[in-house]
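Breakdown of the fold
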Amino acid sequence: MSKLPATLQQTISTRPILFVRGAIGHLLALLRSSYLRHRGAYASFGEAVAAVRPGALVGYDNDEVVMHSFEYMSELKLEDYPVMFWLDRLLPSVDVILDAGGHLGTKHRAFGRHLEVDRAINWTIYDLSAIVRVGRRFLEEGKLLGVSFIDDLSDAPDADVLLASGLLQYLDAPFDVFLKKLPALPRHLLINKIQTREGPTVVTLENFGCAEIPYQIRNRTEFVATLGELGYDIIDEWLIPSLSRTIQTHPHLGRSVSRGYYARLREI
Ligand SMILES: C[S@@+](CC[C@H](N)C(=O)[O-])C[C@H]1O[C@@H](n2cnc3c(N)ncnc32)[C@H](O)[C@@H]1O
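Structure report, in brief. (Residues numbered from 1 in each chain as written. Predicted model: local features only at pLDDT ≥ 70, side-chain atom pairs only at ≥ 80, totals over all residues.)

1. Comments concerning the overall build of the protein chain
Our working definition: Numbering goes from the N terminus for both helices and strands, where a helix is a DSSP run of H or I of at least four residues and a strand is a run of E of at least two. Partly exposed residues are those whose C-beta has more than 12 but fewer than 20 other C-beta atoms within 10 Å; 20 or more makes a residue buried and 12 or fewer makes it exposed, with C-beta atoms placed from the backbone. By definition, residue pairs are in contact when their C-beta atoms, positioned from the backbone, come within 7 Å.
Along the backbone of the protein chain there are nine helices and 11 strands. Summarising its shape, the C-alpha atoms of the protein chain cover approximately 60 × 45 × 30 Å along the three principal directions. Evaluated residue by residue, the protein chain yields a buried proportion of 34% over its 268 residues. Considering only contacts within the protein chain whose residues lie at least 6 apart along the sequence, 75% involve residues at least 24 apart.

And the structure:
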C-alpha cells in the first residue's frame, strides 16, 4: 500500500475532524462528483486535466461553457471596488487596457456603470477561442460595444494596464511566461480574485456541471516574488474573504485566500 503523505498522516492524528470531512468529500466525489464545487489536489495543470471525470468537458475553451455565469460575472461585486478605485485614478492617463480573461466583457459592462470606460479607450479582451468567437458574434449583433477581442497574445496591443480579474486560477501558464509574451510589460497590473495559499501551489478541479475546470491556488510568496522579479512594486493589495475556497476532498490543505493587487512597473 502506498505511504500516506506526511501532511495527511499529521491531519489524521491532530485534526481527525478534517480527516473525516476529507473522507466524506472523497466518497461524494466517487458517488457523484457534481455534488462538489472543488475536488482533487494535483501538483500541476497536466495532472488535473488527466483526472477530469470521464465524459466531462475539460476547461473553459468549450462552446457549452461559454455562457456559464455570464450575467452573474457582469454584476458589480464588492470585490470589484478596489479595481474600480485604481482604474478611476489611472483612466485619465491610460489609452489601452488589456483585459485578460475578460470573458464577454463582463467587467467592462460592470465598471461602465460608474467609470467612463468608453472614453476613447482601446479595451481589448484576451480570452480563449470559444469565448472570443461568441464575443465577436455579439459585437456583430450589436450586443456588445466598446471592446475588441483577441485569442492570440501575439496580437496584443502595447497596453498601459493589464487587467486580470478572475483569470489567474485558470491560467495554464506561469504568470511571468504569460506577461513576457506581451509586446511590452504593461506599466500597471490590476490583478483581482487570485487564489493563494501559504503552502505549495496546488491545482484542483472546479465543477461547472458539464465540465471540470483546472483551478490553481498559488503559493503567495512565490507569486509576490515573481512580480518583484518582473520589476513591479506592489502599491496596494486587498483580501476577498467571500471567495475563500476549501477543496472538499482535501480540507486538510486549508482554505485558500483570495486577493487582489495593484502593481506598478518600477521606473528605470
Ligand atoms: C471567471 S472568468 C473571469 C471573467 C471576468 N474577468 C471577471 O472577473 O468576472 C475567467 C475567464 O478566464 C478565461 N481564461 C481561462 N484560461 C485562460 C487562458 N489560458 N487564457 C486566457 N483566458 C483564459 C476564461 O475563458 C474566462 O473567460
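2. Considering the site of the ligand
Inclusion rule: As a rule, any residue with its backbone-derived C-beta atom within 6 Å of a molecule or strand is reported as near that molecule or strand. Residues are grouped as follows: nonpolar covers Ala, Val, Leu, Ile, Met, Phe, Trp, Tyr, Cys and Pro; charged covers Asp, Glu, Lys and Arg; every other residue, Gly included, is treated as polar.
Not every one of the 18 residues close to the ligand is listed here, only the nearest: Gly101, His103, Ser165, Gly166 and Tyr170. By residue class, the composition of the shell around the ligand is nine nonpolar, six polar and three charged.

3. Some words on the nonpolar core
Our working rule: By convention the nonpolar core is taken to be a set of buried residues drawn from Ala, Val, Leu, Ile, Met, Phe, Trp, Tyr and Cys and joined through C-beta atoms within 7 Å.
Membership of the largest hydrophobic core comes to 48 residues, with the highest contact counts inside it found for Ala100, Leu162, Leu163, Ala164, Leu189, Leu190 and Ile191. Other than its neighbours up to four places away in sequence, Leu190 contacts Val83, Trp86, Leu87, Val161, Leu163 and Tyr262.

4. Comments concerning unusual backbone geometry
Phi angles above zero are rare outside glycine, and Ser69 is one such case at about 60 degrees. Its place among the elements puts Ser69 in the loop between strand S2 (57–58) and helix H4 (70–74). What makes Ser69 exposed here is the crowd of 12 C-beta atoms within 10 Å. Residue Lys193 is not a glycine yet carries a positive backbone phi of 60 degrees. Summarising the element assignment, Lys193 is placed in strand S7 (residues 188–197).

5. Notes on helix H5 (residues 81–90)
An α-helical turn contains 3.6 residues, so a residue and the one three or four places further along point in the same direction. The condition that has to hold: Taking the helix axis as origin, the arc is that swept by the directions to the C-beta atoms.
Here H5 has its buried residues at Val83, Trp86 and Leu87. Each buried residue of H5 lies within a common arc of 100 degrees when the element is viewed along its axis, so the set occupies one face.

6. Digging into the pairing of strand S3 (residues 96–100)
To be explicit about the condition: Note on pairing: two strands pair once DSSP finds at least 2 bridges between them. By definition, the crossover connecting two strands over a helix is right-handed if that path, from the first strand to the second, turns clockwise as seen with the strands pointing away from the viewer.
Within S3, four of the five residues are buried, which leaves it mostly tucked inside the rest of the structure. Where S3 lies against strand S4 (residues 122–126), five bridges are found, and the strand directions are parallel. Bridge pairing in S4 links Ala100 to Tyr126. One crossover worth recording links S3 to the parallel S4 by way of helix H6 (residues 106–111), and it is right-handed. By the bridge criterion, three bridges tie S3 to strand S6 (residues 161–165) in an arrangement that is parallel. Within the sheet, the bridge partner assigned to Ile97 lies in S6 and is Val161.

7. Section: the pairing of S7
Summarising burial for S7: nine of the 10 residues are buried, a large majority. Here five bridges tie S6 to S7, and the two strands are oriented parallel to one another. Within the sheet, the bridge partner assigned to Ala164 lies in S7 and is Ile191. For the crossover that starts at S6, traverses helix H8 (residues 175–180) and ends in the parallel S7, the hand is right-handed. Where S7 meets strand S11 (residues 257–265), seven bridges bridge the pair, whose relative direction is antiparallel.

8. Some points on the environment of Leu36
Summarising the element assignment, Leu36 is placed in the loop between helix H2 (16–32) and strand S1 (38–42). Residues Leu36 and Thr249 lie 213 residues apart in sequence; the distance between their C-alpha atoms is 8.5 Å.

9. Some points on the environment of Ser244
As for its placement among the helices and strands, Ser244 is situated in the loop between strand S10 (232–239) and S11. Excluding residues that lie within four positions of it along the chain, Ser244 makes contacts with Arg255, Ser256, Val257 and Ser258.

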